Amino acid sequence: MNTQRTAKAETSDKKIKRIMISENCNLSSKLSEIRHQDSTELIVSIVNNVTVMVDKGIVLDDYTHLLIKAGKLNIDVSLTLGKHSELIISPGCIVIGTGNIVGNFSHLSAPIEKVFEESVNVTGFWTNDRVYPQWFGAEAYDCETPELPTGQELSDSSEAIERAAKMTCCGEVFLPRGVYFLDKPINLSCGVTIAGETGIYKDDVNGTILIAKMDYDAIQWSTSSDNKNQEEEIKEEDMRYGNYLFHINIKWGKQPKERKDWNSPTWELGFTQMCTTIKNLRIINRTAPQDEPIDRLPACVLTGAPSAFDNVIFNDFCQAVRYVDEYIDNKRVTNCTFYCRHYMWEICNFSLSTSGSLAMECCLSIMPFTKASTTKGCVLTTAVEQASIQTF
């Protein structure tokens, strides 16, 4: 009985104040007109296809719900949501401008479509367990076969995926079923998960497919002019910015090591325990011309953090995953498949030339035999030889 009375009392004491904006105006002026210190929640609704401006820094109170039902929110400076606040964007509505929208343990509810213009910077902390790159303009093409469509201009989704990863921080970026084209490398921080949908192959239904179509001519060697003619060293240290599709916890620049002239990568955050996961994807390389030497073909992932790869199909990459030369534990590769063309037979799909532990199981290599190169100090928690390796 006491519990029921307390609950009823809390419900009755809860006060909600609502603001309906149906004309073009500044959000700050509307908020200044209504003081809601006596309320516990504030609901602001934008209707009638109007544009509401944020021309100066605004910090909303906690428990504020900002609803864009029909219209636009134009942020030129910054809009900070309070704790336990929510930004709700209806279909067909969008946030525009050149300012920042900052989450403070806030939540975003939006349809799986573009809701942020490219010039809007989404920062802060958000409580969304799942973030969609479509919110930032990613486009999933409905292709029956994972090939490059002809006769149309392709939309690049790499920046949208990277912006979604920054928003989710340590959550999941979910890519719904479809084909995404990537024109540039994607930088990921520690702890984020990039996940897609698996295909239904018996019904010939593709899952989530990423096709790398980067500017191959713009890829630069990460060596100085003194070393560019040393072919063996270039082949060994083939780490160029732009030569990898995913960069996980990577910092580029000259490192205080033996080869000071190399613009070699290292980890950005050292000895992190946060694992970055890539799962349920088919990743296809369509960047380099097929007649290029095998030591110049792009690779897929360069990582400087604990990383897990689950149910990923790598197509036509000279290398699936490469770790930087730092101590990294918790490297896991499970249920992955590596498709290689005949001229890639000399290339190792995994370069694990770093100290730390590795678990690799239930992986399949199709044309040709796939090796995993290791160096002294690398502990195999599950031996590579126990993985399912198939050759033709």
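Residues numbered from 1 in each chain as written. Predicted model: local features only at pLDDT ≥ 70, side-chain atom pairs only at ≥ 80, totals over all residues. Heavy atoms only, no water.

### As for helix 3 (residues 158-168)
Condition: Three labels apply to residues, based on accessible area from a 1.4 Å probe with only protein chains included: buried if under 20% of the type maximum, exposed if over 50%, partly exposed otherwise in between. Helix and strand assignments follow DSSP, with helices taken as H or I runs no shorter than four residues and strands as E runs no shorter than two, numbered in order from the N terminus.
Of all eleven residues that make up helix 3, nine are buried, and the element is covered over most of its length. Buried within helix 3 we find Ser 158, Ala 160, Ile 161, Glu 162, Arg 163, Ala 164, Ala 165, Met 167 and Thr 168. Downstream of helix 3 by one or two residues, Cys 169 has phi in the positive range, about 60°.

### Focus: the pairing of strand 24 (residues 307-315)
Our working definition: Strand pairing is assigned whenever DSSP detects at least two bridges linking the two strands.
Burial within strand 24 is extensive, with seven of its nine residues counted as buried. Bridge count between strand 22 (residues 276-285) and strand 24: eight bridges; the pairing is parallel. Looking across to strand 24, one finds that Ile 284 is bridged to Asn 315. Two strands pair when backbone bridges link them, and strand 24 and strand 26 (residues 331-334) are joined in this way by three bridges, in the parallel orientation. Counted as the bridge partner of Asp 310 is Thr 334 from strand 26. Alignment of strand 24 against strand 27 (residues 337-339), held across three bridges, turns out to be parallel. Bridged to Asn 315 within strand 27 is Tyr 339.

### Notes on the packing of aromatic side chains
What counts is decided by this rule: Only rings of Phe, Tyr and Trp enter the pairing, Trp through its six-membered ring, and a pair is recorded when the two centres are within 6.5 Å. The plane angle decides the type: under 30 degrees is stacked, over 60 is edge-to-face, the rest tilted.
Enumeration over the complete set of coordinates arrives at seven aromatic pairs. Relative to Phe 125, the ring of Phe 105 lies with its centre 5.5 Å away and its plane at 10°, an arrangement referred to as stacked. One end of the pair, Phe 105, is in strand 11 (residues 100-109); the other, Phe 125, is in strand 12 (residues 121-126), and 20 residues separate them in sequence. With centroids separated by 6.2 Å and ring planes inclined at 90°, the aromatic side chains of Tyr 132 and Phe 174 adopt a geometry described as edge-to-face. Residue Tyr 132 is found in the loop between strand 13 (130-131) and helix 3, and its partner Phe 174 is found in strand 14 (residues 172-175); the two are separated by 42 residues along the sequence. Feature note: the residues Tyr 132, Trp 135 and Phe 174 constitute an aromatic cluster, connected by ring pairs.

No statement about biological role is implied by the geometric values presented.
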